[in-house]
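What the coordinates show
Here are the chains, one letter per residue:
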Amino acid sequence: MTTTETQNVKAHASKPNVLDMFVAGARRGFTIGTTNMLPNVIMAFVIIKALNVTGLLKLFGVIFQPVMGLWGLPGEAVTVLVSAFLSMGGGVGAAAGLFTSGILGRSDITILMPAIYLIGSLVQYLGRCLGTAEVNTRYYVPIIVICIINALLAMWVMKVLVAFF
Amino acid sequence: MEEKGKSSEESVKWYSYVALIFAIVFFSGIFATSKEWWSVFDFTVLNGTFGTLSVVGAKAMTFRGAGGSGGRDGFLFALSLLPAVILALGVVSVVEGLGGLKAAQKLMTPLLKPLLGIPGICGLGMIASFQSTDAGAGMAKELYQENMITDDEKTVFCMFQISADGTITNYFSSGVALFSILLTPIIVPFIVMMIFKIFGANLLRIYIKYVNKKEQQAIKSGE
């Protein structure tokens, strides 16, 4: 174990009490919520609005209907997956925006939920995960492909599971 | 290595397991619709509800209103989610502080070899990656530099991490936005993500095996 890790473990052990732990986590939640979630959600809502105003959303809906139809989803659902690829918060925001405008229903959102994360923020994580860990670059493409496979299969699994609830 | 095993065992107390079980129950939503006192052990119940604004003759609604769109609607929507994110990460922090994640690590460690083909020593990095993308990746690199894992094992470990990375932190912050819309208990998509993280890592494991075999054959035929 490295010294930094040992220090971390010791710091955890000497954490004062449950209330302090809660407040520390809550503070982190506030920071993540305001500096990460909120800007991402606004970005996604603005993108959905722009797509709506220009009529592109309808067009996406028509073009991607055959593909997204494989999971019983409307074609517009593709915007959720594309935004998720850029950032998880964006994917969630897009899903919420499409739900608010009545394009996606509750079961559509449930089907998309794990997929949003399984391909979530890949653009960033290539650097933050694979780059940091110095993974051989020849595996980058297979890793991205597998993430997409994960997401697409998870949508089918969720489609089956939704039927039970 | 042994020292590491010992130190992590020492810090797992009985209440660490209680904290872990509490976390699973709390976020599972199994008590969400219960009318009994034990509904206190549920995330959605404790998160509560916003008060409603009502105008005579109109439907009651929350401060977000209805019919909004674009950035302004996005802002109010995000604002309405903040309490849930704060509560969720507050509870995660308590569970972590009481050793709940260490308990999960201890339970997971013997499973790493059969499930992912990576040594049990990756347990700490795995739990770290559930909380922070950067911490998980950093630990994977460190394990490799200290010769605890091979380059191929590191690649498989990173495959496990990158799909739905920072799982707990991300799911319980941004994911909260969709919790009330989900038809399944909130733990169901979480379990599906975990299963596919393992599935994806094994796909890459097979691929690496295939690539290595092909390379060896190429070397042999070269001779």
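An account of the accompanying structure is given in this report. (Residues numbered from 1 in each chain as written. Chains lettered and ligands numbered in written order. Predicted model: local features only at pLDDT ≥ 70, side-chain atom pairs only at ≥ 80, totals over all residues. Heavy atoms only, no water.)

Comments concerning the packing of helix α2 (residues 14-28) of chain B against helix α4 (residues 70-97) of chain B
All names here are of chain B. Running from N to C, α2 and α4 cross one another at 160°; their axes reach a closest spacing of 9 Å. Comparing their axes, α4 and α2 come out roughly antiparallel. In the crossing of α2 with α4, the sense of the turn from one axis to the other is left-handed. Along the contact surface, α2 presents Ala 19, Phe 22, Ala 23, Phe 26 and Phe 27, while α4 presents Ala 88, Val 91, Val 92 and Val 95. Looking at the contact of α2 with α4 residue by residue, the classes come out as 9 nonpolar, no polar and no charged. (Axes fitted to C-alpha atoms, helices over the stretch in contact; angles between N-to-C directions. Helix = DSSP H or I, 4+ residues; strand = E, 2+ residues; numbered from the N terminus. Parallel < 35°, antiparallel > 145°, perpendicular 65-115°, else oblique. Left-handed = near helix turned anticlockwise from the far one by under 90°. Contact = heavy atoms within 4.5 Å. Nonpolar A, V, L, I, M, F, W, Y, C, P; charged D, E, K, R; others polar.)

Overview of helix α6 (residues 106-118) of chain A
At Leu 112 of chain A, α6 of chain A shows its largest kink, close to 35°, and the proline Pro 114 of chain A lies no more than four residues downstream. Of all 13 residues making up α6 of chain A, 11 are buried, and the element is well covered by its neighbours. Those residues of α6 of chain A lying buried are Asp 108, Ile 109, Thr 110, Ile 111, Leu 112, Met 113, Pro 114, Ala 115, Ile 116, Tyr 117 and Leu 118 of chain A. Structurally, α6 of chain A contributes buried residues whose contacts are with α4 (78-86), α5 (88-100) and α8 (140-162) of chain A together with α9 (167-171), α10 (176-179) and α11 (187-222) of chain B. (Bend = angle between axes of the 7 residues up to and from the residue. Buried < 20%, exposed > 50% of the residue type's maximum accessible area, 1.4 Å probe, protein only.)

Some points on the interface of chain A and chain B
Each partner contributes to the interface: chain A provides 64 residues, whereas chain B provides 74 residues. For the pair chain A and chain B, the summed buried area comes to about 6,200 Å², and 74% of that belongs to carbon and sulfur atoms. Between chain A and chain B we count 3 salt bridges in total. Close ionic contact of Glu 215 of chain B with Arg 138 of chain A constitutes a salt bridge, the shortest N to O distance being 2.6 Å. Inspection of the chain A/chain B interface yields 19 residue pairs in polar contact (both at pLDDT 80 or more). When contributions to the side of chain A that touches chain B are tallied by element, the ones reaching two or more residues are α1 (3-13), α2 (18-54), α5, α6, α7 (122-131) and α8 of chain A. Residue classes in the side of chain A that touches chain B are distributed as 45 nonpolar, 12 polar and 7 charged. (Buried area = accessible area lost by both parts, 1.4 Å probe. Salt bridge = Lys/Arg side-chain N within 4 Å of Asp/Glu carboxyl O. Polar contact = N/O pair within 3.5 Å; in protein donor to acceptor, adjacent residues only side chain to side chain.)

Let's talk about the packing of aromatic side chains
On inspection of all chains with the given rule, the structure shows 23 aromatic pairs over all chains. Plain terms: the ring middles of Phe 27 of chain B and Phe 172 of chain B are 4.2 Å apart, the flat faces sit at 40° to each other, and that makes the pair tilted. Of this pair, Phe 27 of chain B sits in helix α2 while Phe 172 of chain B sits in the loop between α9 and α10; the two residues are 145 residues apart in sequence, bridging distant segments of the chain. Phe 172 of chain B carries the same exposure label as Phe 27 of chain B, and that label is buried. Look at Phe 130 of chain B and Phe 160 of chain B: their rings are 6.1 Å apart centre to centre, the planes differ by 55°, and that puts the pair in the tilted class. Placement of the pair is Phe 130 of chain B in helix α6 (residues 123-131) and Phe 160 of chain B in helix α8 (residues 151-162), with a sequence separation of 30 residues. In this pair, the class of Phe 130 of chain B matches that of Phe 160 of chain B, namely buried. Counting every residue linked through ring pairs, the aromatic cluster contains Tyr 117 of chain A together with Phe 22, Phe 26, Phe 27, Trp 37, Trp 38, Phe 41, Phe 43, Tyr 171, Phe 172, Phe 179 and Phe 190 of chain B. Across the ring face of Tyr 144 of chain B, the terminal group of Lys 154 of chain B is positioned such that the distance to the ring centre comes to 4.2 Å. The side chain of Lys 197 of chain B reaches across the aromatic face of Phe 160 of chain B, ending 4.9 Å from its centre. (Phe/Tyr/Trp six-rings, centres within 6.5 Å; stacked < 30°, edge-to-face > 60°. Lys NZ or Arg CZ within 6 Å of the ring centre and 35° of its normal.)

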